[in-house]
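Working through the structure, step by step
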Amino acid sequence: MKKHNFSAGPCILPQEVFLKASEAIMDFNGSGLSLIEVSHRSKDFVEVMDKARALSLELLGLEGKGYQALFLQGGASLQFLMVAYNLLETKAGYLNTGTWSSKALKEARLFGEVVEVGSSKDENFNYIPKGYTIPKGLDYLHLTSNNTIFGTQLKKFPKVEIPLVCDMSSDIFSRQLDFSQFDLIYAGAQKNMGPAGTTLVVVKEDILGKVTREIPSMLDYSVHISKDSMFNTPAVFAVYTSMLTLEWLKNLGGISAIEEINEKKAQLLYSEIDLNPLFDGYANKEDRSNMNATFNLTEDKLKDTFDTMWKEAGINGINGHRSVGGYRASMYNAMPLESVGVLVDVMSEMERKG
Ligand SMILES: *Cc1c(COP(=O)(O)O)cnc(C)c1O
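Residues numbered from 1 in each chain as written. Predicted model: local features only at pLDDT ≥ 70, side-chain atom pairs only at ≥ 80, totals over all residues. Heavy atoms only, no water.

In the annotation of an unreviewed UniProt entry, the entry for the protein reads Phosphoserine aminotransferase, and the organism field reads Maribacter arenosus. Per UniProt, the protein has the following entry under Subunit (unreviewed entry): "Homodimer." (UniProt positions renumbered as here; feature names shortened; annotations may be inferred.)

Pasting the structure below:
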């Protein structure tokens, strides 16, 4: 039986994407060859890469606006340092909203001065800092739009004159934003777009080429752009599967259509968390993430009962991250509303049983 998969990442993908990806493993486009045994320079694969890059820009509304989409390797974690390598000349600002932001900030310190413009570490990152000031003279400001581990999400983005960089690993393609306010967006595929192994980078070309240091080719965005994201062998399976997911999203009606469903899912779960006396939400209400809902049992002694019940209901992956504890239900794009319904039913059943 297919499980209701609330895993934070690698995560659920649409069932039809799993099917098409597995077909391509056996026979890619009727070629008599597997997707993973053909040259990445073959016409069929070049088309895949081109399509994945074009669909990314199209879905984000960034076509023809001076942006390039790249499918790189090394995960979002490599972007923590690649961003700084390419953009940090003297000083950068970072908003510290969780584990991933802290890691990005740490890497950037290897390349220049880093100002932590705000932090919610004092409350174990259960809220998004607001009203912080952004000092003058920054090369860029770095944000994390969705804090996968703590279940918080930026609802508003600061207006700045400097390049705005955003780690959108866990909420890219999930909600409508004016994506042109960002100059560089990156996202590890395995949260909301595809399997692990590739990272989408969307970068505005005119912010590049400003630092004086020499950049190794593999870490230089301009090199990857000049080679159409094929400087070296790309992660062919991960790129192909991401392309299938992007096609699925486009056919569904794009980001605005998925956003509506994502809001329904989040509302359903959060209203249960708020109404059911056996559960407490972790994140500050106004900062709650529509992708990752974090919550706790109000009484620890109910843990075994609850764990047995959700496992019996076919639910997978709702144990919280070790730095928060409790539970975390990740409701990425491919998660059906019905699966959230199953979890909510288990929670209300717990209450009924008393
Ligand atoms: C998972 C995650 C990362 C790390 O991604 P990797 O691809 O494993 O390096 C970075 N940022 C955010 C917001 C994440 O959720």
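1. Quick word on the overall build of the protein
Along the backbone of the protein there are 10 helices and 14 strands. Against the globule reference of 20 Å for 354 residues, the protein gives a C-alpha radius of gyration of 21 Å, in line with a compact fold. Seen through its principal axes, the protein has C-alpha atoms that stretch 65 × 60 × 30 Å. Among the 354 residues that make up the protein, the fraction classed as buried is 55%. For the protein, the share of sequence-separated contacts (at least 6 apart) that also reach a separation of at least 24 residues comes to 66%. Summed over all atoms, the accessible surface of the protein reaches about 15200 Å², with 50% contributed by carbon and sulfur. For the protein, the distance from the average site of its 36 positive side-chain charges to the average site of its 44 negative ones is 2 Å. (Helix = DSSP H or I, 4+ residues; strand = E, 2+ residues; numbered from the N terminus. Rg over C-alpha atoms; globule rule 2.2 N^0.38 Å. Buried < 20%, exposed > 50% of the residue type's maximum accessible area, 1.4 Å probe, protein only. Contact = heavy atoms within 4.5 Å. Areas by Shrake-Rupley, 256 points an atom, 1.4 Å probe, with all protein chains shown as cover. Lys, Arg positive; Asp, Glu negative; His and termini not counted. Charge placed at Lys NZ, Arg CZ, Asp CG, Glu CD.)

2. A closer look at the side chain of Asp 183
Along the polypeptide, Asp 183 turns up in the loop between β8 (164–167) and β9 (184–188). Here Asp 183 is buried and forms no salt bridge, its nearest opposite-charge partner Lys 204 lying at an N-O distance of 4.7 Å. Sequence-distant contacts of Asp 183, that is, excluding residues within four places in its chain, are made with Tyr 67, Ile 162, Pro 163, Leu 164, Val 202, Val 203, Lys 204 and Ile 207. (Salt bridge = Lys/Arg side-chain N within 4 Å of Asp/Glu carboxyl O.)

3. With respect to the domain arrangement of the protein
Examined at the domain level, the protein breaks down into domain 1 (15–252) and domain 2 (254–353). The straight-line distance from the C-alpha centre of domain 1 to that of domain 2 is 27 Å. Each partner contributes to the interface: domain 1 provides 31 residues, whereas domain 2 provides 27 residues. For the pair domain 1 and domain 2, the two sides together bury roughly 2300 Å², of which 52% comes from carbon and sulfur. Together, Ile 149, Gly 151 and Gln 176 form the three largest contributors to the area buried by domain 1 at its contact with domain 2, with a combined 20%. For the interface between domain 1 and domain 2, the tally reads two salt bridges. Residues Lys 130 and Glu 286 are paired through a salt bridge, measuring 3.3 Å at the closest nitrogen-oxygen approach. Summed over the shared surface of domain 1 and domain 2, the number is 19 residue pairs in polar contact (both at pLDDT 80 or more). (Domains from an automatic or database assignment. Buried area = accessible area lost by both parts, 1.4 Å probe. Polar contact = N/O pair within 3.5 Å; in protein donor to acceptor, adjacent residues only side chain to side chain.)

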